[in-house]
Amino acid sequence: MTINDHYGYIEKQLRIQRELSIDNVSNDLKISKGYLSEVENGKRKLNELTFRKFLDFYEIDFDFDPSLTEEVQRLLNDLMEAYIYKNAAKEEQILTFFENKTPSYEKSLACLYIPLFRMMAARKKDPAGMSDLERHAFKEIDEYLAAFDNDEIALICYLKAFQAGRRMIFDQALDYYAKALAAFDGRIWPQLEGIIKLNYAYTIMFGKSYYEGYCVGLEAHDIFVKHGNYTRALMCYNNIANYLLCLQAFEGAKEYLRKILLSPSIQNVPVYEAAVATMLITLTLEGSFQEAIEFAAEHSTDGNNGFIRNLPLVPYCHYRLGQYDQCLEQMAQFDPGLLESDDKALFGLLKAILKGDPAKIEAAKQKMRRICCKQRNWSMLMVLYQLLIDYYKSVNNLELLVEAYEENNKVLRHQLPLEI
């Protein structure tokens, strides 16, 4: 970004901060309202001399030192490098440093970057956990999007897409991912394309198509391999395995997961743990229940950080093997506070089936179905119908068996069996 060409955008932020209207400013400074509007919206350039007149009017001691802008741009490049190479500690360090220095950036040429850093800080937060400033940043930055370079615009669109995806507004997320790819040119951050496609593929899988997600995931993988970013490439492997298991291509999914689990260079614990979770559900959906139990035992976890992967599938695997006592014992060992809503629903259904209470089974089934449909949790929907098909066969309930097969086929075709 060449900020000197965008004094008009900075003036607009300063005017809004003082709660002044265009009419107020144009009347007091005796300038054309149309001219001021064009300046603030990037249709005309505001030269430095005129910009200084606005600063005098606003009574602002503005710092024109270009070194602050250069510092922020270096920080952004360092932040992106840390993000691209999954260095979470470095990311946090840079964001904390920027936050502490924000007051000095607010009245300098670097101020236009403040919303972008706030968007990066909000990236991993649930929408409800974002601060008012972070929430405002996602809207504020639209006012001067044209002031940024292509890769910076791509990053902004990507962050908007990522947040829309977290809110499960998939059409909006897909639209922003497409805009991010259209803006990207790779001059600043060549691997940003891989980051966008990695998350774009995941959103496509959740909201549109398993197969399209698989194809875009492969494209993301190739980008990271090209740049030697093997941690991100392994992340792509895990996502690709998720798409394949939804396509019922279990051998292909396991092949990709083994590349992660057997990689001698694996250093990123979350990537490894994600692969363990994906392998467990792959084995379960494949019907390899004993192998799934043994795999879980070999890759045990104590639930640190509240992350228990897909271990709640282990009691289900015991149930499918006819080991009903072990199923109940395993369920009792889980801390309810660590279980996700879909896990709790699965346990409720298993308990109802083991008690043989048709009314409770139906209620538990409907509850799990609602939860999984709301989450777009395709793989757990597949587990649900795998369980129901097995149960209805065992009690010879042909009517409900046919219904379970029909709804399972919807899930396999990427159709939710229930509208939420």
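Just so we're clear, the structure is a prediction, and the values are computed from it rather than from any experiment.

Enquirer: How should I be thinking about the pattern of salt bridges in this particular structure?
Expert: When their charged atoms lie close together, side chains carrying opposite charge are able to pair. Tallying each qualifying case throughout the model produces 22 salt bridges. The closest approach of N and O atoms between lysine 197 and glutamate 193, which form a salt bridge, is 3.3 Å. With lysine 197 and glutamate 193 both in helix α11 (residues 192-207) and 4 residues apart, the pair spans about one turn of that helix. Residue lysine 197 is classed as buried on the basis of its relative accessible area, which comes to 13%. Of the charged contacts in the structure, one is a salt bridge between arginine 369 and glutamate 407, with a shortest N-O distance of 2.6 Å. Of the two residues, arginine 369 sits in helix α20 (residues 358-375) while glutamate 407 sits in helix α22 (residues 398-412), which places them 38 residues apart along the sequence. The buried category is assigned to arginine 369, whose relative accessible area is 11%.

Enquirer: Looking at this structure, I do not really get the packing of aromatic side chains. What am I missing?
Expert: We describe a pair of aromatic rings using the distance from one ring centre to the other and the angle between the two ring planes. A full pass over the atoms with the stated rule returns 25 aromatic pairs. Ring centres of tyrosine 391 and tyrosine 392 lie 5.6 Å apart, and the angle between their planes is 55°; on these two criteria the pair is classed as tilted. Across the pair, tyrosine 392 and tyrosine 391 agree in class, each one buried. Connected via pairs of aromatic rings, a cluster forms that spans Tyr83, Tyr158, Phe162, Tyr177 and Tyr200. Stacked on the ring of phenylalanine 64, the Lys or Arg arginine 52 has its end atom at 3.9 Å from the ring centre. Here the guanidinium or amino end of arginine 123 rests over the ring plane of tyrosine 83, the centre of that ring lying 4.0 Å away.

Enquirer: Looking at this model, I keep getting lost on helix α9 (residues 150-166). Mind explaining?
Expert: For an α-helix, 3.6 residues make a turn, and residues three or four places apart therefore share a direction. Between its first and last C-alpha, α9 extends 24 Å over 17 residues, near the 24 Å set by a 1.5 Å rise per residue. The first or second residue beyond α9 is methionine 168, which carries a positive phi of 60°.

Enquirer: What's the story with the nonpolar core in this structure? I'm lost.
Expert: Here is a general trend for soluble globular proteins: nonpolar side chains tend to be buried in one another's company. Residues Leu155 and Tyr158 are the most contacted members of the largest nonpolar core, which totals 148 residues. A total of 12 residues in this core trace back to one element, the largest contributor, which is helix α21 (residues 378-394). Non-local contacts of leucine 155, meaning those with residues more than four positions away in its chain, are made with Leu76, Met80, Leu116, Met120, Trp189 and Leu192.

Enquirer: It is not clear to me how helix α13 (residues 230-246) should be interpreted in this structure. Could you clarify?
Expert: Taking 1.5 Å as the rise per residue, α13 with 17 residues should run 24 Å; its terminal C-alpha atoms sit 24 Å apart, in good agreement. Of the residues flanking the end of α13, it is glutamine 248, one or two places downstream, whose phi is positive at about 65°.

Enquirer: Where do I start with the side chain of glutamine 366 in this structure?
Expert: The topology assignment puts glutamine 366 in helix α20. Side chain to side chain, glutamine 366 and glutamate 362 meet in a polar contact 2.8 Å long. At 2.7 Å, the side chain of glutamine 366 forms a polar contact with the side chain of arginine 369.

Conventions we followed
- Residues numbered from 1 in each chain as written.
- Predicted model: local features only at pLDDT ≥ 70, side-chain atom pairs only at ≥ 80, totals over all residues.
- Heavy atoms only, no water.
- Salt bridge = Lys/Arg side-chain N within 4 Å of Asp/Glu carboxyl O.
- Helix = DSSP H or I, 4+ residues; strand = E, 2+ residues; numbered from the N terminus.
- Buried < 20%, exposed > 50% of the residue type's maximum accessible area, 1.4 Å probe, protein only.
- Phe/Tyr/Trp six-rings, centres within 6.5 Å; stacked < 30°, edge-to-face > 60°.
- Lys NZ or Arg CZ within 6 Å of the ring centre and 35° of its normal.
- Expected span 1.5 Å × (residues − 1).
- Core = buried A, V, L, I, M, F, W, Y, C linked by side-chain atoms within 4.5 Å.
- Contact = heavy atoms within 4.5 Å.
- Polar contact = N/O pair within 3.5 Å; in protein donor to acceptor, adjacent residues only side chain to side chain.

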